[in-house]
Amino acid sequence: MARALRWAGVAAVVLAALLVLTTALPVRRWRTGQMPVPPLPLMPGGPEVDLPRRIWIDTDAACGHARTADPDDCLAILLLARTPDVELVGISTVFGNAPLDVTDRTTRELAALLRGEGVDVPVYRGAARPLDPRAAPGDRGSSAPETPAQTALGHALAEGPLTILSLGPLTNVELTLRRHAAGAAGVGRLVAVMGRRPGHIFHPTEGRGAGAVLFGHGPVFRDLNLAEDPSAAAALLARRLPMTLVPYEVAREVSVGAADLDRMTAAGGADAWVARRSREWLEFWRKDVGLAGFYPFDAVAAAYVDAPELFSCARVAASVETDAALGWVGRLLGRATGLLVRPLAASAPPVGGRVVYCPQVADSAVHHLMLQRLAPAS
């Protein structure tokens, strides 16, 4: 028995060493996370979609709760709170970047600061855990009582078309539509931060950084919002709602650095609060990822809601499925399941829908827009 355990330990060490060595190899596809895929018919500024100016934000804001808790949700909320000609109807909180107690408290702290600046947006507590994948849509999700988020979002949808910006897992949105079926007609567009091409992984250094993890190649991130509740994403795709995916792929074209945070700090108020809670995340990207700035995933999605003409997008087929292109590497890294998009001309996935996918952006224009909204020059 002891001998078998020793051999098992040796095998585990060898396997771990081989995994690390594969990340150290100078193989371009691995280092960039990009496998060859058929091109998408991207349209600058399009395809044109309806984005109602009544906005609902669904967020898993942790914003500096821990060193690896990104501030992107708070940047996104702040950006849309400063966007003219939009009506922020409400904000719902959901688990994801941190437990619900943390995300709800963080969101309310930012909302209180914005209220002091004249932007009064109510916050509603939502789902603390993902959907039960065994539960059918007809059972209303579970026997749990309706959350304040589900009630408020259901009422908001009944009052007129909404653009829902989902910055976390899609649990709240799907549970709301299970309890308020007529609300689906009020979804003008669901904008979600998730999605990728088959075989792609999010490897932010792309061979350019000098982070300490994995021999200087930096960490490999998950498509977290999808991974936290793939059942909710699959259910919403099956509803055929108007949907836009703003993926991690596009976020890497925009970077937030120390000078940007300094400018926000100088502006004071909510800007300074968000900047302060962004500092450790920036330091994580400097030391562990190996880049001078961080990619503001959720803030880029908020910029799409604000100015979609800055993005290049395509209509695609989308499905939540196992990514066979990643093979054993994907399974080992826990990346096998993804919200995968393909050209419409490709063979359609068995279950899924058609969505708009936006993988490219005018990077300097979006960075300028973000600074204009977050910390206007005096």
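Before reading further, recall that the structure is shown in the block above.
Residues numbered from 1 in each chain as written. Predicted model: local features only at pLDDT ≥ 70, side-chain atom pairs only at ≥ 80, totals over all residues. Heavy atoms only, no water.

## Some details on the overall build of the chain
Next up, step 1: Across its full length, the chain holds 15 helices and 10 strands.
Next up, step 2: When burial is assessed residue by residue, the chain has 55% of its 378 residues classed as buried.
Next up, step 3: As presented, the chain carries roughly 15900 Å² of accessible surface, and 58% of it is formed by carbon and sulfur atoms. (Helix = DSSP H or I, 4+ residues; strand = E, 2+ residues; numbered from the N terminus. Buried < 20%, exposed > 50% of the residue type's maximum accessible area, 1.4 Å probe, protein only. Areas by Shrake-Rupley, 256 points an atom, 1.4 Å probe, with all protein chains shown as cover.)

## Remarks on the state of the cysteines
Next up, step 1: Counted under the stated rule, the structure contains 2 disulfides.
Next up, step 2: Each sulfur of the disulfide joining C63 and C74 lies 2.2 Å from the other. Measuring handedness by torsion sign, the sulfur bridge of C63 and C74 sits at about 105° and is right-handed. Note that C63 is positioned in the loop between strand 2 (54-59) and helix 3 (72-81) and C74 in helix 3, a separation of 11 residues in sequence. (Disulfide = S-S within 2.5 Å.)

## Brief notes about the packing of aromatic side chains
Aromatic ring pairs are described here by two measures, namely the spacing of the ring centres and the angle between the planes.
Next up, step 1: One pass over the full model with this rule turns up 11 aromatic pairs.
Next up, step 2: A centroid spacing of 5.3 Å and a plane angle of 70° characterise the contact between F202 and Y248, whose relative ring orientation is edge-to-face. With F202 in the loop between strand 6 (187-192) and helix 7 (224-228) and Y248 in helix 9 (residues 248-251), this pair connects stretches of sequence that are 46 residues apart. Side by side, F202 and Y248 carry an identical accessibility label, which is buried.
Next up, step 3: Centre to centre, the rings of Y248 and F297 are 4.5 Å apart; their planes meet at 25°, and the pair counts as stacked. A residue pair is termed long-range when its members are at least 10 positions apart, and Y248 in helix 9 and F297 in helix 13 (residues 297-306) qualify at 49 residues.
Next up, step 4: Y248 sits in the buried class, given a relative accessible area of 11%. (Phe/Tyr/Trp six-rings, centres within 6.5 Å; stacked < 30°, edge-to-face > 60°.)

## Structural notes on the pairing of strand 3 (residues 87-93)
Next up, step 1: Summarising burial for strand 3: 6 of the 7 residues are buried, a large majority.
Next up, step 2: Here 6 bridges tie strand 2 to strand 3, and the two strands are oriented parallel to one another. When the bridges of strand 3 are listed, W56 appears paired with G90.
Next up, step 3: The parallel pair strand 2 and strand 3, bridged by helix 3, forms a crossover whose chirality is right-handed.
Next up, step 4: Of the pairings in the sheet, the one linking strand 3 to strand 4 (residues 123-125) comprises 3 bridges and is parallel in character. Bridge assignment links S92 to a residue of strand 4, and that residue is Y124.
Next up, step 5: For the crossover from strand 3 across helix 4 (residues 100-116) to strand 4, the handedness is right-handed. (Pairing = 2+ DSSP bridges. Right-handed = clockwise from strand over helix to strand, strands pointing away.)

## Let's talk about the packing of helix 3 against helix 11 (residues 269-276)
Next up, step 1: Packing of helix 3 against helix 11 brings their axes to within 10 Å, and their N-to-C directions diverge by 165°. Considering the angle they form, helix 3 stands roughly antiparallel to helix 11. In this structure, helix 3 meets helix 11 at a crossing whose hand is left-handed. Residues C74, L75 and L78 of helix 3 form the contact with helix 11, whose own contacting residues are A270, D271, W273 and V274.
Next up, step 2: For the contact of helix 3 with helix 11, the class distribution of residues is 6 nonpolar, no polar and 1 charged. (Axes fitted to C-alpha atoms, helices over the stretch in contact; angles between N-to-C directions. Parallel < 35°, antiparallel > 145°, perpendicular 65-115°, else oblique. Left-handed = near helix turned anticlockwise from the far one by under 90°. Contact = heavy atoms within 4.5 Å. Nonpolar A, V, L, I, M, F, W, Y, C, P; charged D, E, K, R; others polar.)

## Considerations on empty space enclosed by the protein
Next up, step 1: One pass over the structure, following the stated rule, counts 1 cavity of 30 Å³ or more.
Next up, step 2: Quantified by volume, the largest cavity comes out at close to 40 Å³.
Next up, step 3: Surrounding the largest cavity, L75, V256, D260, M264, H367, M370, L371 and L374 form its lining.
Next up, step 4: Looking at the lining of the largest cavity, the elements that each hand over two or more residues are helix 10 (258-267) and helix 15 (363-374).
Next up, step 5: Per-element tally for the lining of the largest cavity: the top contributor is helix 15, with 4 residues.
Next up, step 6: Of the residues that constitute the lining of the largest cavity, the class distribution is 6 nonpolar, 1 polar and 1 charged. (1 Å grid on protein atoms, 1.4 Å probe; cavity = no way out; pocket = protein on both sides within 12 Å on 5 of 7 lines; lining within 4 Å. Points joined across faces, edges and corners; volume = space filled by probe spheres on them.)

## A closer look at the environment of E280
Next up, step 1: Checked against the element boundaries, E280 lands in helix 12 (residues 279-289).
Next up, step 2: Spatially, the C-alpha atoms of E280 and C63 are 9.8 Å apart, while their sequence positions differ by 217 residues.

## Considering helix 8 (residues 230-238)
Next up, step 1: Within the span of helix 8, buried status applies to A232, A233, A235, L236 and L237.
Next up, step 2: Of the residues one or two after helix 8, R240 is the one with positive phi, at around 60°.

## Some remarks on the pattern of salt bridges
Next up, step 1: Under the counting rule described, the total for this entry stands at 19 salt bridges.
Next up, step 2: Taking the shortest distance from any N to any O, the salt bridge between R82 and E117 comes out at 2.8 Å. Separated by 35 residues along the polypeptide, R82 in the loop between helix 3 and strand 3 and E117 in the loop between helix 4 and strand 4 bring together distant segments of the chain. (Salt bridge = Lys/Arg side-chain N within 4 Å of Asp/Glu carboxyl O.)

Remember, this is a structural readout, not a statement about activity or role.
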